[in-house]
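# Commentary on secondary and tertiary structure
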Amino acid sequence: MRLSIISPDDMRRAAGAWAGVIALVLTPCVAHASRFTGIVSHVTDGDTVWVRRDDGKPPLRVRLQGIDAPEICQPFGLKSRQALASIVAHRRVTVTTHGTDNYDRTLGVIERAHEDVGAWMVRRGYAWSYHFKGNAGPYARQEAQARRTRAGLWQQNRPVAPHEFRVKHGHCERG
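Before going into details, it helps to say that this report is about the structure given with it.

## Re the overall build of the chain
- Counting its regular elements, the chain contains 5 helices and 8 strands.
- Traced from its N-terminal end to its C-terminal end, the chain shows the element sequence α-β-β-β-β-α-β-β-β-α-β-α-α.
- Expressed as a percentage of its 175 residues, the buried residues of the chain come to 38%.
- Put simply, 58% of the contacts in the chain that link residues at least 6 apart link residues at least 24 apart.
- Only carbon and sulfur atoms are counted for the fraction: they give 56% of the accessible area of the chain, which is about 11000 Å².

Put into structure tokens, the structure is as follows:
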């Protein structure tokens, strides 16, 4: 049996090669996320806003990732939009984008003054944590807290989740 001794230079080259491979594999994941700042110029509903970007690019319609707010025409829909407007309308925000949804809206996490706006909306009972295929969503803890304290829409006897409302009634006309 023959033992080979690997020199420190060979180890550095091998580590560098693996780092390159890892970077190539991870680049597509990172490339989809971008970050920008801007002013919220319009609040469409409880989970969609328009942001006028500081970089001079066209305004962007952003859907808050990880939440689902009531439709405008369903109970608590207008209150949800008003709550979102109260903290972001005409204010500077930071948006971290994560692709687009089926309606060609940019999906993004929005922060205002270093606070996650989606978490704020769910914690106060103005939206659900976005549930998907048995996953309770990114704001499950905030939703559980809102349910426990009967905050916002949880004051209703049986609040209907937006996806259930849309199945039965379709989409509302956006205001």
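## A few points about the state of the cysteines
- The tally for this structure, following the rule as stated, stands at 1 disulfide.
- Disulfide partner of Cys73: Cys172, at an S-S distance of 1.7 Å. Taking the torsion about the S-S bond as the criterion, the Cys73 to Cys172 disulfide, at about -65 degrees, is left-handed. You can see Cys73 sitting in the loop between β4 (67–68) and α2 (77–88) and its partner Cys172 sitting in the segment after α5 (162–169), a full 99 residues away along the chain.

## Let's talk about the pairing of strand β1 (residues 33–45)
- As paired elements, β1 and strand β5 (residues 92–100) share 7 bridges and run antiparallel to each other. For Phe36, the partnering residue across the bridge sits in β5 and is Val95.
- Two successive antiparallel strands, β1 and strand β2 (residues 48–53), enclose a turn made up of 2 residues.

## Re the packing of aromatic side chains
- Taken as a whole, this structure holds 3 aromatic pairs when the rule is applied.
- Members of the aromatic cluster, each reached through a chain of ring pairs, are Phe76, Trp120 and Tyr126.
- The ring of Phe36 has Arg53 lying over it, and the distance from NZ or CZ to the ring centre is 4.2 Å.

## Regarding the nonpolar core
- In terms of nonpolar packing, the biggest core is built from 23 residues, with Val49, Val51, Leu84, Val88, Ile110, Val117 and Met121 touching the most fellow members.
- When contributions to this core are tallied by element, the ones reaching two or more residues are β1, β2, β3 (60–64), α2, β5 and α3 (117–123).
- Per-element accounting of this core gives the leading share, 5 residues, to α3.
- Setting aside anything within four residues of it in sequence, one finds Val117 in contact with Leu64, Leu84, Ile87, Val88, Ile110, Glu111 and Arg112.
- The next biggest cluster of nonpolar side chains, apart from the first, holds 7 residues, and it includes Phe76, Ala146, Ala151 and Leu153.

## Considerations on the pattern of salt bridges
- As enumerated under the stated definition, the model contains 10 salt bridges in all.
- Salt-bridge contacts for Arg92 lead to Asp54; the nearest nitrogen and oxygen are separated by 2.5 Å. Taken together, the residues Arg92 in strand β5 and Asp54 in the loop between β2 and β3 connect sequence positions 38 residues apart.
- On the accessibility criterion, Asp54 (41% relative accessible area) is partly exposed.
- Measuring nitrogen to oxygen at the nearest pair gives 2.9 Å for the salt bridge that ties Arg123 to Glu115.
- What makes Arg123 partly exposed here is its relative accessible area of 23%.
- Look at the salt bridges and you will find they share partners, linking Asp47, Arg63, Asp68, Glu71 and Arg166 into a network.

## Let's talk about the environment of Ala136
- Mapped onto the elements of the fold, Ala136 is located in the loop between β8 (128–129) and α4 (140–149).
- In this structure the C-alpha to C-alpha distance between Ala136 and Gly66, which are 70 residues apart in sequence, comes to 10.0 Å.
- Excluding residues that lie within four positions of it along the chain, Ala136 makes contacts with Ser129, Tyr130 and His131.

Thresholds applied
Residues numbered from 1 in each chain as written. Predicted model: local features only at pLDDT ≥ 70, side-chain atom pairs only at ≥ 80, totals over all residues. Heavy atoms only, no water. Helix = DSSP H or I, 4+ residues; strand = E, 2+ residues; numbered from the N terminus. Buried < 20%, exposed > 50% of the residue type's maximum accessible area, 1.4 Å probe, protein only. Contact = heavy atoms within 4.5 Å. Areas by Shrake-Rupley, 256 points an atom, 1.4 Å probe, with all protein chains shown as cover. Disulfide = S-S within 2.5 Å. Pairing = 2+ DSSP bridges. Phe/Tyr/Trp six-rings, centres within 6.5 Å; stacked < 30°, edge-to-face > 60°. Lys NZ or Arg CZ within 6 Å of the ring centre and 35° of its normal. Core = buried A, V, L, I, M, F, W, Y, C linked by side-chain atoms within 4.5 Å. Salt bridge = Lys/Arg side-chain N within 4 Å of Asp/Glu carboxyl O.

This is a description of form; function is not addressed.
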